[in-house]
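# A closer look at the structure
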Amino acid sequence: MSHPIQRDILICTLNSTYQHSSFGLRYIYAQMAEMTDKTELIEWTIKENPRNIVEKILMLNPKIVGFGVYIWNNEQVFEVCSILKKVAPDIELVLGGPEVSYETEGQRLYQLADHIICGEADLLFPQFCREHLSGHDAQDKIIRGALPLLPDLKLPYYLYSDNDIANRVIYVEASRGCPYKCEYCLSSLDKSVRSFNLDQFLADIETLIDRGARCFKFVDRTFNLSPTTSTKILTFFMKHLDKGLFLHFEMVPDRLPVEIRELIKQFPAGSLQFEVGIQTLNPTVATNVSRKNDLVKVAENFKFINENTHVHTHADLIVGLPGETLESFGEGFDRLAQLGPHEIQVGILKRLKGTPIVRHETTFKMRYQDFSPYQILSTSTMDYATLQTMNRFAKFWDLYANSGDFPQFMKWISTFEGSFFWNYMKFVDYLSEKYSETHSISLMNLAEKAYDYILMRTDDSDKAFDIIKADFCDGAKKRDIPPFMKSQAIAKGLGTQSVTGAAAKKSSSLNSRQVAHLT
């Protein structure tokens, strides 16, 4: 078989899903300079067969293969690399990415790799390729170097294809680094925040908009750290609001100066999403992990956003931090829910390699699983059974609350006396008896279980019918009356269709969750 295409250098990764694009690989590709024509960037997903991936690599007959390794693809990259090194041992295998940049020598992938680049590889990988292809190979297996000067990097945004723009998340960044030292986060290792040339950055974003890009996800850890930069970026996007943009920013929760407040008031519904890292509302736990939040200002900022803007807010909490109990987490959850974010993302603590949280392992008896995603299994204040319960809580919260599919049902639960967290936990316990797993549950089944739960708690079939009809049939998507309520609908003289043309999908360019929350 002939192979007309040949590339000396492949830069590859496995994304978690097709809609994600590899931002880091595009940066590297943009720096390849005179080697660009010899280089190919290839993305797969973690669902693809490792043997097929190796087959595609070998068809291109490369001399160097570079893989980006992350917490979500570590296992799959290992499978690919183990096959590749057995069938083509002469290929120079170079690994990089956050997953192999720390605690490097103790990893399985260390044994397979010819070289591992630790840290930001934008310039280090092209330099390695340049030396290797000229016969001057690097002697050290582990390659480290100085951080690149960001204004010197060629920006990668021209590498987003028309297909990427139409079907994938467009990641962008105006800065790298974080000034905070939260011990569960890799950004705690940063020495400072470094910024790109803002004028060049915005010029490239304008080109993307001209090409049809409408959704931008900023990966800056602290978008609102510099009011001057934030306002310039927001002012730039203000000029394009008529195009139906959607912008996602990670925000420091206790910093919302007046300049930013005045700008975000002008953005229409569905155009702005703020990811707000709360993580814990327990002051002792926050101190344990060096997390600093001015909780008074956090509350003030949420109040301003809710009352004066159309910003969609997504707040994060982490289960399993050192010293956190189920009771204290529940108290924090209730406090956060009262602040009114549109979504509360409940995450389970993961031990990212290199993060300082390792210092608490003895004091708080923190035990993590030994394989990706290195999730916490037990602590001195949360045992294994508790963390298993919280895994289910997080999943069912996502399905019912964050999805926006059951707003009336969630409102009904919020009317119960006492703690919102513990009242929802009762529903989680009910669901746990019905489902041994939390994945692959259809929306129809979710609606039926909510209906049954209302009936069990109230013995009021009319209330159960009205709530589920409002959520399942009359929400963001119009649907027919579900089978489990059809006889009740007929008895009420409603027939079995909720709305004429019930199958019609609401027309919108917005994120589907935002559509649900805005309805």
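Below or above, wherever it landed, is the structure these notes cover. The structure presented is a predicted model; accordingly, all values stated were derived computationally and were not measured. (Residues numbered from 1 in each chain as written. Predicted model: local features only at pLDDT ≥ 70, side-chain atom pairs only at ≥ 80, totals over all residues. Heavy atoms only, no water.)

## What about the overall build of the protein?
What the protein contains, in helices and strands, is 19 helices and 16 strands. What you see for the protein is a C-alpha radius of gyration of 25 Å, in line with the 24 Å of a compact globule of 519 residues. Seen along its three principal axes, the alpha-carbon backbone of the protein occupies a region of about 80 × 55 × 55 Å. Across the 519 residues of the protein, 52% fall into the buried class. Distance between charge centres in the protein, computed from 57 positive and 64 negative side chains, equals 1 Å. (Helix = DSSP H or I, 4+ residues; strand = E, 2+ residues; numbered from the N terminus. Rg over C-alpha atoms; globule rule 2.2 N^0.38 Å. Buried < 20%, exposed > 50% of the residue type's maximum accessible area, 1.4 Å probe, protein only. Lys, Arg positive; Asp, Glu negative; His and termini not counted. Charge placed at Lys NZ, Arg CZ, Asp CG, Glu CD.)

## Quick look at the pattern of salt bridges
Applying the stated criterion across every chain, the model contains 24 salt bridges. Between Arg7 and Glu40 there is a salt bridge; the shortest N-O distance is 3.4 Å. You can see Arg7 sitting in the segment before strand E1 (9–15) and its partner Glu40 sitting in strand E2 (residues 39–45), a full 33 residues away along the chain. Through salt bridges with shared partners, a single network forms among Glu120, Asp122, Glu173, Arg176 and Arg194. (Salt bridge = Lys/Arg side-chain N within 4 Å of Asp/Glu carboxyl O.)

## Quick look at the packing of aromatic side chains
With the rule as written, the count across this model stands at 38 aromatic pairs. Between Tyr27 and Phe196 the ring centres are 5.9 Å apart and the planes differ by 25°, which places this aromatic pair in the stacked class. Note that Tyr27 is positioned in helix H1 (residues 23–30) and Phe196 in the loop between strand E9 (194–195) and helix H7 (198–210), a separation of 169 residues in sequence. In this structure, Tyr27 and Phe196 share a single accessibility class: buried. Pairing Tyr400 with Phe427 gives two aromatic rings, centres 5.0 Å apart and planes at 80°, and the pair type is edge-to-face. Here the residue Tyr400 occupies a position in helix H13 (residues 384–402), and Phe427 occupies one in helix H15 (residues 420–434), the gap between them amounting to 27 residues. Of the two residues, Tyr400 and Phe427, neither departs from the other in class, the shared state being buried. Note that Lys141 overlies the ring of Tyr110, its terminal NZ or CZ placed 4.1 Å from the centroid. (Phe/Tyr/Trp six-rings, centres within 6.5 Å; stacked < 30°, edge-to-face > 60°. Lys NZ or Arg CZ within 6 Å of the ring centre and 35° of its normal.)

## Description of the sheet that holds strand E11 (residues 246–251)
Taken in spatial order, the six strands of this open sheet run E7-E10-E11-E12-E13-E14, and their pairing is parallel. Bordering the open sheet on either side are strand E7 (170–172) and strand E14 (343–348), each of which pairs with just one other strand. Neighbour to neighbour, the strand axes of the sheet diverge by 25° on average, direction disregarded. Bridge count between E11 and strand E12 (residues 272–279): five bridges; the pairing is parallel. Looking across to E12, one finds that His248 is bridged to Gln273. (Pairing = 2+ DSSP bridges. Axes fitted to C-alpha atoms, helices over the stretch in contact; angles between N-to-C directions.)

## Some remarks on the nonpolar core
Counting 113 residues, the largest nonpolar core has Phe216, Phe237, Tyr400 and Phe409 as its most contacted members. A total of nine residues in this core trace back to one element, the largest contributor, which is H13. With 29 residues, the next largest nonpolar core counts Leu14, Trp44, Val65 and Phe67 among its residues. (Core = buried A, V, L, I, M, F, W, Y, C linked by side-chain atoms within 4.5 Å.)

## Considering the packing of helix H12 (residues 326–339) against H13
Between H12 and H13, the shortest axis-to-axis distance is 12 Å and the interhelical angle comes to 20°. On the basis of the axis angle, H12 is roughly parallel to H13. Crossing of H12 over H13 shows right-handed handedness. Every residue of H13 that contacts H12 at Leu326, Phe329 and Phe333 is listed here: Thr386, Met390, Phe393 and Trp397. (Parallel < 35°, antiparallel > 145°, perpendicular 65-115°, else oblique. Left-handed = near helix turned anticlockwise from the far one by under 90°. Contact = heavy atoms within 4.5 Å.)

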